[in-house]
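# Survey of secondary and tertiary structure
Spelled out, the chains give:
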Amino acid sequence: MANQLLFFLEGTDIHFPNIGIHLHNIASKITVFGFDIAFYGIVIALAMIVGYGVTEWTARRTGQNAEYYLDFVVWAIVISVVCARAYYVIFNWSAFSDEPLSVFNLRTGGLAIYGGVIGGVCTAFVYTRIKKLQWGLFFDTCIVGLLTGQVIGRWGNFFNREAFGTYTDGPFAMQVDVTEVHSYFNPATSQSIVENAYAGKENIVRNILEIREHAVEIDGATYIQVHPTFLYESVLNLILLCGLLIYTKHKKFDGEIFLLYLFGYGVIRFFVEGLRTDQLLLFDTAIPVSQLLSAVLVVGSAAAYILLRFVRKKGKKPELVRK
């Protein structure tokens, strides 16, 4: 009985050879009373909790009633998770078509942040209409909590050995055991299988084959060496978060922080998405849907920002600050 109380950890090593960091026995889950709990889920839950904490702190810091945000976050979390899963499934249906019920299994990952952002923004817009709140200020307050959650949440990809990039021998190159990633990246998998899976998408096939060609043997195990794109995005999001928090006291109108987030995250994601090997594609095309959406956000938010600054200079009240 006592042994059943233990947390059984089983994992493989992860190496960052060019900066001399070697992490041993990194598990993707823990087992408690025989039930598997994925670190991915634990990290996402932590991201939500800390994200809300930052939102509440921001609300109090700016003299708002924090209770509005507690009511909102209950709805936002549920709807955002559903939308994040829906976004992932829609643009990756081939992974679920044989077992449709696997759509409801979130423990192994499969949440797309853009789907969550879309769900959260829509929920916030409806909520502010119902509560008759100033939605520009509300969005500015929520967005720092969302970005905090993104900084933390990306580390769920680390434990899942996913959301990594193409081959690199740069300073932050990461080595991952092939048994922990998709079989396409394993040199033992037939090349024809990869080519058939990505027929008409030569760039993806080329990136996967390059990763396989540079696989290395370490202590009898095979490792691939790739860009840790989850790390890039987490660090860049942290820099963006710090910048937005510092700028909050100097913002010119409510809604400005929200627009700066859309622009900043759009730029970050466009760059990171270009390196990833697990891109969600726009249906039967070779276009990365999240990279396309990032470009739209950058252009759209920049245009909206310039327009609102122009309106303000003309002495009018920007729409984002009206109730």
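Shown above is the structure to which this text applies.
Everything in this summary refers to the structure shown in the same document. (Residues numbered from 1 in each chain as written. Predicted model: local features only at pLDDT ≥ 70, side-chain atom pairs only at ≥ 80, totals over all residues. Heavy atoms only, no water.)

### Some words on the overall build of the chain
Rule in force here: The way it works is that DSSP assigns letters per residue, a run of H or I at least four long becomes a helix, a run of E at least two long becomes a strand, and they are numbered from the N terminus. Values of the radius of gyration come from C-alpha atoms, whereas the globule rule sets the reference at 2.2 Å times the count of residues to the power 0.38. Residues count as neighbours in contact if any of their non-hydrogen atoms are within 4.5 Å of one another. Reported accessibility uses the Shrake-Rupley method at a 1.4 Å probe radius. Residues are deemed covered only where the shown protein chains occlude them. We treat Lys and Arg as the positive residues and Asp and Glu as the negative residues; His and chain ends play no part in the count. The atoms used to mark charge sites are NZ of Lys, CZ of Arg, CG of Asp and CD of Glu.
In terms of helices and strands, the chain carries ten helices and seven strands. Its C-alpha atoms give the chain a radius of gyration of 21 Å, near enough to 20 Å, the size a compact globule of 323 residues would have. With respect to the principal axes defined by its C-alpha atoms, the chain has extents near 70 × 55 × 40 Å. Taking as baseline every contact in the chain between residues at least 6 positions apart, the subset at least 24 positions apart corresponds to 71%. With the model as given, the accessible surface of the chain reaches about 16700 Å², and the carbon-plus-sulfur share is 65%. If you average the places of the 26 positive and of the 26 negative side-chain charges in the chain, the two averages end up 19 Å apart.

### Topic: the packing of helix α9 (residues 256-273) against helix α10 (residues 289-313)
The condition that has to hold: Every axis corresponds to a line fitted to the C-alpha atoms, with the helix fit spanning only the stretch in contact, and the corresponding angles, defined between N-to-C directions, vary from 0 to 180 degrees. Every angle not falling under 35 degrees, over 145, or within 65 to 115 is termed oblique; those three ranges are roughly parallel, roughly antiparallel and roughly perpendicular. Note on convention: near helix rotated counterclockwise from far helix by under a right angle means a left-handed crossing. Clockwise means right-handed.
Between α9 and α10, the shortest axis-to-axis distance is 8 Å and the interhelical angle comes to 150 degrees. In terms of orientation, α9 lies roughly antiparallel with respect to α10. The two elements α9 and α10 cross, and the hand of that crossing is left-handed. Residues Glu256, Leu259, Leu260, Leu262, Phe263, Gly266, Val267, Arg269, Phe270 and Glu273 of α9 form the contact with α10, whose own contacting residues are Ser290, Gln291, Ser294, Ala295, Leu297, Val298, Ser301, Ala302, Ala304, Tyr305, Leu308 and Arg309.

### Observations regarding the side chain of Asp13
Note the threshold: Note on exposure labels: buried denotes an accessible area under 20% of the residue type's maximum, exposed denotes more than 50%, and partly exposed covers the range between, all computed with a 1.4 Å probe on protein chains only. When a carboxyl oxygen of Asp or Glu is within 4 Å of a side-chain nitrogen of Lys or Arg, the pair counts as a salt bridge. What qualifies as a polar contact is a pair of N or O atoms within 3.5 Å, subject to a donor-acceptor requirement within protein and to the restriction that residues adjacent in sequence count only when both atoms come from side chains.
Note on placement: Asp13 falls in strand β1 (residues 11-16). One buried charge, Asp13, has no salt-bridge partner; the nearest side chain with opposite charge is Arg161, at 7.4 Å. Within the structure, Asp13 has its side chain in polar contact with the side chain of His24 (distance 3.3 Å). Not counting the four nearest positions on each side in its chain, Asp13 is found in contact with Leu23, His24, Asn25, Gln175, Asp177 and Tyr223.

### A look at the pairing of strand β2 (residues 21-27)
As a reminder of what qualifies: Strand pairing follows a simple DSSP-based rule, namely that at least 2 bridges must link the two strands.
Alignment of β1 against β2, held across five bridges, turns out to be antiparallel. Its bridge partner being in β2, Ile14 is matched across the sheet by Leu23.

### A word on the nonpolar core
Heads up, the rule is: We call a set of buried Ala, Val, Leu, Ile, Met, Phe, Trp, Tyr and Cys residues a nonpolar core when their side-chain atoms join them within 4.5 Å.
In this structure, Phe72, Tyr87, Phe138, Leu240, Leu259 and Tyr261 are the most contacted members of the largest nonpolar core, which totals 40 residues. Mapped by element, the contributors of at least two residues to this core are α1 (39-61), α2 (67-90), α3 (113-131), α4 (135-153), α8 (229-247), α9 and α10.

### Remarks on empty space enclosed by the protein
To be explicit about the condition: Cavity and pocket criteria rest on a 1 Å grid covering protein atoms alone: a 1.4 Å probe that fits but cannot get out defines a cavity, protein on both sides within 12 Å along at least 5 of 7 lines defines an open pocket, and an atom within 4 Å of a point defines a lining residue. Grid points are joined across faces, edges and corners, and a volume is the space filled by probe spheres set on the points. Three residue categories are used. Nonpolar comprises Ala, Val, Leu, Ile, Met, Phe, Trp, Tyr, Cys and Pro, charged comprises Asp, Glu, Lys and Arg, and polar comprises the others, including Gly.
Per the counting criterion, the structure on display carries one cavity of 30 Å³ or more. Here the largest cavity defines a volume of roughly 40 Å³. If you trace the largest cavity, you find it lined by Asn203, Ile204, Asn207, Ile208, Arg276, Thr277 and Gln279. Considered class by class, the residues forming the lining of the largest cavity number two nonpolar, four polar and one charged.

### Quick word on the sheet that holds strand β6 (residues 216-218)
In space, the five strands of this open sheet follow the order β2-β1-β5-β7-β6, with antiparallel pairing throughout. Of all the strands in the sheet, just β2 and β6 have a single pairing partner and so form its edges. The sheet shows a mean angle of 30 degrees between the axes of neighbouring strands, taken without regard to direction.

### Some words on the packing of aromatic side chains
The following threshold applies: Aromatic pairing here means that ring centres of Phe, Tyr or Trp (its six-membered ring) are within 6.5 Å. Orientation follows from the plane angle: under 30 degrees is stacked, over 60 is edge-to-face, and everything else is tilted. Throughout this description, the term charge over a ring refers to an Arg CZ or Lys NZ atom that lies within 6 Å of the ring centre and within 35 degrees of the ring normal.
The tally for this structure, following the rule as stated, stands at 20 aromatic pairs. Judged by centre distance (6.0 Å) and plane angle (80 degrees), the rings of Tyr88 and Phe96 are edge-to-face. Among the residues examined, Tyr88 registers a relative accessible area of 23% and is labelled partly exposed. On the basis of relative accessibility, which here comes to 6%, the residue Phe96 falls in the buried class. For the pair Phe139 and Phe258, a centre-to-centre distance of 4.9 Å together with 85 degrees between the ring planes defines the contact as edge-to-face. Of this pair, Phe139 sits in helix α4 while Phe258 sits in helix α9, and the two are 119 residues apart along the sequence. The two residues Phe139 and Phe258 agree in class, both being buried. Over the ring of Phe125 we find Arg129; its NZ or CZ atom is 5.5 Å from the centre of that ring.

### Let's talk about the packing of α1 against α2
Two elements in contact, α1 and α2, have axes whose closest approach is 11 Å; the angle formed by their N-to-C orientations is 145 degrees. Between α1 and α2 the crossing geometry is right-handed. Taking contact as the criterion, the partners of Met48, Tyr52, Thr55 and Ala59 in α1 are, on α2, Tyr69, Leu70, Val73, Ile77 and Val81. Across the contact of α1 with α2, the residue classes break down as eight nonpolar, one polar and no charged.

### Some details on the environment of Phe164
Relative to the helices and strands, Phe164 is located in the loop between α5 (155-160) and β5 (174-177). Between the alpha carbons of Phe164 and Gln279 there is a distance of 9.9 Å; along the sequence they are 115 residues apart. When near neighbours in sequence (up to four residues on either side) are disregarded, Phe164 contacts Met174, Val181, Phe185, Ile224, Val226, His227, Thr229, Arg276, Thr277 and Asp278.

### Considering the pattern of salt bridges
Inspection of the entire model under this criterion finds ten salt bridges. Notably, a salt bridge pairs Asp36 with Lys29, separated by 3.2 Å at the nearest N-O pair. Across the salt bridge formed by Arg276 and Asp278, the nearest N and O atoms sit 2.9 Å from each other. When its relative accessible area of 31% is taken as the criterion, Asp278 is described as partly exposed. One salt-bridge network, held together by shared partners, links Arg269, Glu273, Arg276 and Asp278.

Function-wise, these values are silent; they only describe arrangement.
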